[in-house]
Amino acid sequence: MTFEHGDDRATRAAGLEVRGVSFSYGPKCVLRDVSLRAERGSIHGVMGPSGCGKSTLLRLICGLEAVDAGVVRIARAEVSSAARHVAPARRRVGVVFQDLALFPHLTVERNVGFALRSIGRRARRQAVAHWLDIVDLGGEGRAMPHALSGGQQQRVALARALAAEPEVLLMDEPFTALDASLREQVRGRVCDVLRRAGVTSIIVTHDAHDAVACADDVTYLTPAGRVREGVDRSYRSDQSVCGPCGGESSDAGCGKVAIEMPRLTPITTGTDQVRSR
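The present account deals with the structure reproduced in this document. Here the structure is a predicted model, which means the values were calculated and not measured.

The next thing to look at is the state of the cysteines. Following the criterion strictly, the structure yields one disulfide and no others. With a sulfur-sulfur separation of 2.1 Å, cysteine 191 is cross-linked through a disulfide to cysteine 214. Taking the torsion about the S-S bond as the criterion, the cysteine 191 to cysteine 214 disulfide, at about 80 degrees, is right-handed. A residue pair is termed long-range when its members are at least 10 positions apart, and cysteine 191 in helix α5 (residues 180-197) and cysteine 214 in helix α6 (residues 208-214) qualify at 23 residues. Accessibility classification places cysteine 191 together with cysteine 214 in one group, the buried group.

Pasting the structure below:
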């Protein structure tokens, strides 16, 4: 596995920046000094074992929770800090939840159109048709969600989120509920749609295969108490995330630490050097 380090990374436009963010639920520290940067139009993966704070990080980005410390910026505009909290509706952040949250009583086209209630009926119909075509569901507009496969439901939720033209799209474990036979196919389609849409996207997953297949960069959330760059090239699917990325699985201490890694090229054997920042 090789890394591509570009000297111009710091000068590229950031679609999303999380800098030194910490968050606690009462006395329990969930995230501590977490940072990540997603370039505009890129797909950024967030990996980590269950309970490491991945979903909490998404809630902070979209504004459902307020940060205790640090800053969140979307398209260079500050939306969260200790002194400032922009309401979720004003952030232009789309979310595809793990359970998809489709309205079971509405047709596919009405589910997608729900995000477009503020525009005229004719424009709404055109926009819905456009996004259904983008996700290859142009002929399913009048279907009910329960009549669709899991992969099709995933794409309906994606079309609904993209129809609102968000600056940032958040996807929480988007492929977990899919059968193994569908997972790779749906993952490929979803990633293709995200790249065609050109929206900055954050995909939370505990599966390294999803992250490597889709993401331009990956941030690991681990219980380790320091920040490191790099990843073990000899990843095995039966390893925990903390093993390959050089973190420790100890529960000692408070919070999680982000580990950022550039885009990966094909997996090979060997070991990357891991260094402390």
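Once the structure has been displayed, the description carries forward.
Residues other than glycine seldom take positive phi values, yet alanine 75 does so here, at roughly 50 degrees. Here alanine 75 lies in the loop between β4 (69-74) and β5 (77-80). Even without glycine at this site, glutamate 173 takes up a positive phi of about 45 degrees. On the secondary structure map, glutamate 173 appears in the loop between β7 (168-172) and α5.

Turning to helix α1 (residues 54-62), a few remarks are in order. For α1, the tally of buried residues reaches seven of nine residues, placing the bulk of the element in the interior. Among the residues making up α1, those that are buried are Lys54, Thr56, Leu57, Leu58, Leu60, Ile61 and Cys62. Positive backbone phi, at 95 degrees, marks glycine 63, one or two positions downstream of α1.

Within the element layout of this structure, alanine 161 appears in helix α4 (residues 150-163). On the accessibility criterion, alanine 161 (9% relative accessible area) is buried. Excluding anything up to four places from it in sequence, alanine 161 contacts Val95, Val96, Pro166 and Leu169.

Another point: the packing of aromatic side chains. What the rule picks out here adds up to two aromatic pairs. Ring geometry for phenylalanine 23 against tyrosine 25: centres 4.7 Å apart, planes inclined by 90 degrees, an arrangement best described as edge-to-face. Take phenylalanine 23: its relative accessible area is 4%, and that puts it in the buried class. Ring centres of phenylalanine 103 and phenylalanine 114 lie 4.7 Å apart, and the angle between their planes is 55 degrees; on these two criteria the pair is classed as tilted. You can see phenylalanine 103 sitting in the loop between β6 (93-96) and α2 (108-113) and its partner phenylalanine 114 sitting in the loop between α2 and α3 (121-134), a full eleven residues away along the chain. Given a relative accessible area of 26%, phenylalanine 103 falls into the partly exposed group. Note that arginine 117 overlies the ring of phenylalanine 114, its terminal NZ or CZ placed 3.9 Å from the centroid.

The subject of this paragraph is the side chain of serine 201. The topology assignment puts serine 201 in strand β8 (residues 200-205). From its side chain, serine 201 meets the backbone oxygen of valine 199 in a polar contact 3.1 Å long. Non-local contacts of serine 201, meaning those with residues more than four positions away in its chain, are made with Ser42, Ile43, His44, Leu169 and Leu194.

A separate point is the sheet that holds strand β1 (residues 14-25). Strand order in the open sheet formed by four strands is β2-β1-β4-β5, with antiparallel pairing between adjacent strands. Strands at the two margins of the open sheet, each flanked by one partner only, are β2 (28-39) and β5. With direction set aside, neighbouring strand axes in the sheet form an average angle of 25 degrees. As paired elements, β1 and β2 share eight bridges and run antiparallel to each other.

So, how was this worked out
- Starting from 1, residues in each chain are numbered consecutively following that chain's sequence as written.
- The model is predicted, so local features are restricted to residues of pLDDT at least 70 and side-chain atom pairs to those at 80 or more, both for listing and for counting; the totals for chains, interfaces and linings are taken over all residues.
- As a rule here, side-chain values come from all non-hydrogen atoms in the structure, and water together with hydrogens is ignored.
- Note on disulfides: each one is a pair of cysteine sulfur atoms within 2.5 Å.
- In DSSP terms, a helix is any run of H or I states spanning at least four residues, a strand is any run of E spanning at least two, and both are numbered starting from the N terminus.
- Whether a residue is buried, partly exposed or exposed follows from its accessible area with a 1.4 Å probe, protein chains only, as a fraction of its type maximum: under 20%, in between, or over 50%, in that order.
- Any pair of residues with heavy atoms lying within 4.5 Å of one another is described as a contacting pair.
- Stacked, edge-to-face and tilted labels apply to pairs of Phe, Tyr and Trp rings (six-membered ring for Trp) whose centres lie within 6.5 Å, assigned for plane angles under 30 degrees, over 60, and everything in between, in that order.
- To sit over a ring, a charge needs its Lys NZ or Arg CZ within 6 Å of the ring centre and within 35 degrees of the ring normal.
- Polar contacts here mean pairs of N or O atoms no more than 3.5 Å apart (in protein, one a potential hydrogen donor and the other a potential acceptor; neighbouring residues in sequence count only if both atoms are side-chain atoms).
- Note on pairing: two strands pair once DSSP finds at least 2 bridges between them.
- Geometry is summarised by axes, namely lines fitted to C-alpha atoms with helices restricted to the contacting stretch, and by angles between N-to-C directions that run from 0 to 180 degrees.

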